[in-house]
Amino acid sequence: MPSFSHSVELSQSPEQVFPWLLDEDKVPQWTSDLQSYSVSGPLGKGAVAHQLLNVAGGLKLDLEITSWDPPRSAETRFETNGVKVTSGYTLTPNGGGTTLTQTMDAKASGLTARMLIPVVQGRLEKKLTQDLERLREVLGS
């Protein structure tokens with residue numbers, strides 16, 4: 001899967017936006033199809049965020065936080081159905097606000113996974129785009 005990225009302009013500073021990216025109380029407010037969300041351990045590098053999505057009969061994802069640099073960036077990694085996914089957030093100051101960019105890159109580890117990626121890629125890109133737009137609405141930007 002080629003990398004995918006989407007950016008939104010937010011009126012809040014990176015310091016105000018960053019907590020919304022992975023915090024247990026905030027993620028459910030802007031993430032679609034989310035049935036449950038929790039974080040094991042203190043929020044930061046090495047913690048694991050557990051998501052249960054109302055997709056495909058219930059998709060459970062364990063996202064390991066692999067990079068944590070508040071308020072500039074964060075990165076998570078997870079694997080599902082033979083697909084290794086890296087998702088990153090970059091926050092760039094923009095005047096008094098923030099440009100928030102989410103990137104996602106997926107690598108298939110087998111034939112079945114390679115066949116699965118084109119099937120889900122469009123839906124996943126649409127979901128991520130809609131979720132970032134919802135975050136902008138929640139923040140009132």
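Residues numbered from 1 in each chain as written. Predicted model: local features only at pLDDT ≥ 70, side-chain atom pairs only at ≥ 80, totals over all residues. Heavy atoms only, no water.

Engineer: Outline unusual backbone geometry, supporting the account with residue identities and numerical values.
Structural biologist: For the bond from Pro70 to Pro71, the omega torsion is -5°, close enough to zero to count as cis. Phi is positive for Asp33, which is not a glycine, with a value near 60°. Mapped onto the elements, Asp33 comes out in the loop between α1 (14–17) and β2 (34–40). Taking relative accessible area as the criterion, Asp33 reaches 39% and is therefore assigned partly exposed. (Helix = DSSP H or I, 4+ residues; strand = E, 2+ residues; numbered from the N terminus. Buried < 20%, exposed > 50% of the residue type's maximum accessible area, 1.4 Å probe, protein only.)

Engineer: Help me get a handle on the packing of aromatic side chains, residues and values and all.
Structural biologist: Inspection of the entire model under this criterion finds 1 aromatic pair. Both rings, one in Phe18 and one in Trp68, keep their centres 4.8 Å apart while their planes meet at 70°; by these two values the pair is edge-to-face. With Phe18 in the loop between α1 and β2 and Trp68 in strand β4 (residues 59–69), this pair connects stretches of sequence that are 50 residues apart. Overall, Phe18 belongs to the buried group, its relative accessible area being 5%. (Phe/Tyr/Trp six-rings, centres within 6.5 Å; stacked < 30°, edge-to-face > 60°.)

Engineer: Residue-level account of the sheet that holds β4, with values.
Structural biologist: If you walk across this open sheet you meet the 7 strands as β1-β7-β6-β5-β4-β3-β2, and the pairing is antiparallel. Edge positions in the sheet fall to β1 (4–10) and β2, since each of these pairs with one other strand and no more. In this sheet, neighbouring strand axes are inclined to one another by 20° on average, regardless of whether the strands run parallel or antiparallel. For β2 and strand β3 (residues 48–53), the ladder comprises 6 bridges, and the chain directions are antiparallel. In the strand pairing of β3, Tyr37 is matched with Gln51. (Pairing = 2+ DSSP bridges. Axes fitted to C-alpha atoms, helices over the stretch in contact; angles between N-to-C directions.)

Engineer: Explain the environment of Glu15 residue by residue, including any values.
Structural biologist: Topologically, Glu15 is positioned in helix α1. Remark: the alpha-carbon pair of Glu15 and Gly46, spanning 31 residues in sequence, is separated by 21 Å.

Engineer: Residue-level account of the layout of surface pockets, with values.
Structural biologist: A probe matching the size of a water molecule, rolled over the atoms, marks out where space remains unfilled. Here the largest pocket is characterised by a volume of approximately 910 Å³. Lining the largest pocket are 40 residues, with Leu53, Leu59, Leu61, Leu124 and Lys127 positioned closest to its centre. Counting only elements with at least two residues in the lining of the largest pocket, the list comes to β3, β4, β5 (73–80), β6 (83–94), β7 (97–108) and α2 (111–139). (1 Å grid on protein atoms, 1.4 Å probe; cavity = no way out; pocket = protein on both sides within 12 Å on 5 of 7 lines; lining within 4 Å. Points joined across faces, edges and corners; volume = space filled by probe spheres on them.)

Engineer: Outline the pattern of salt bridges, supporting the account with residue identities and numerical values.
Structural biologist: The tally for this structure, following the rule as stated, stands at 6 salt bridges. Note that Asp131 and Lys127 form a salt bridge whose closest N and O atoms lie 2.6 Å from each other. Pair noted here: Asp131 and Lys127 are both in helix α2, with a separation of 4 residues, about one helical turn. One exposure class covers both Asp131 and Lys127, and it is buried. (Salt bridge = Lys/Arg side-chain N within 4 Å of Asp/Glu carboxyl O.)

Engineer: Just give me the short version of the environment of Asp62, but keep the residues and values in it.
Structural biologist: Residue placement: Asp62 occurs in strand β4. Judged by its relative accessible area of 37%, Asp62 is partly exposed. Contact partners of Asp62, with chain neighbours within four places excluded, come to Val48, Ala49, His50, Arg77 and Phe78. Looking at Asp62, its side chain comes within polar contact range of the side chain of His50, at 2.6 Å. (Contact = heavy atoms within 4.5 Å. Polar contact = N/O pair within 3.5 Å; in protein donor to acceptor, adjacent residues only side chain to side chain.)

Engineer: So what's going on with the nonpolar core? Residues and values would help.
Structural biologist: Counting residues in each nonpolar core, the largest one holds 33 residues, and the members touching the most others are Leu21, Trp30, Tyr37 and Leu100. Of the residues forming this core, the biggest block, 5 residues, is contributed by α2. Setting aside its immediate chain neighbours within four residues, Leu21 contacts Val27, Trp30, Tyr89, Leu91 and Leu100. (Core = buried A, V, L, I, M, F, W, Y, C linked by side-chain atoms within 4.5 Å.)

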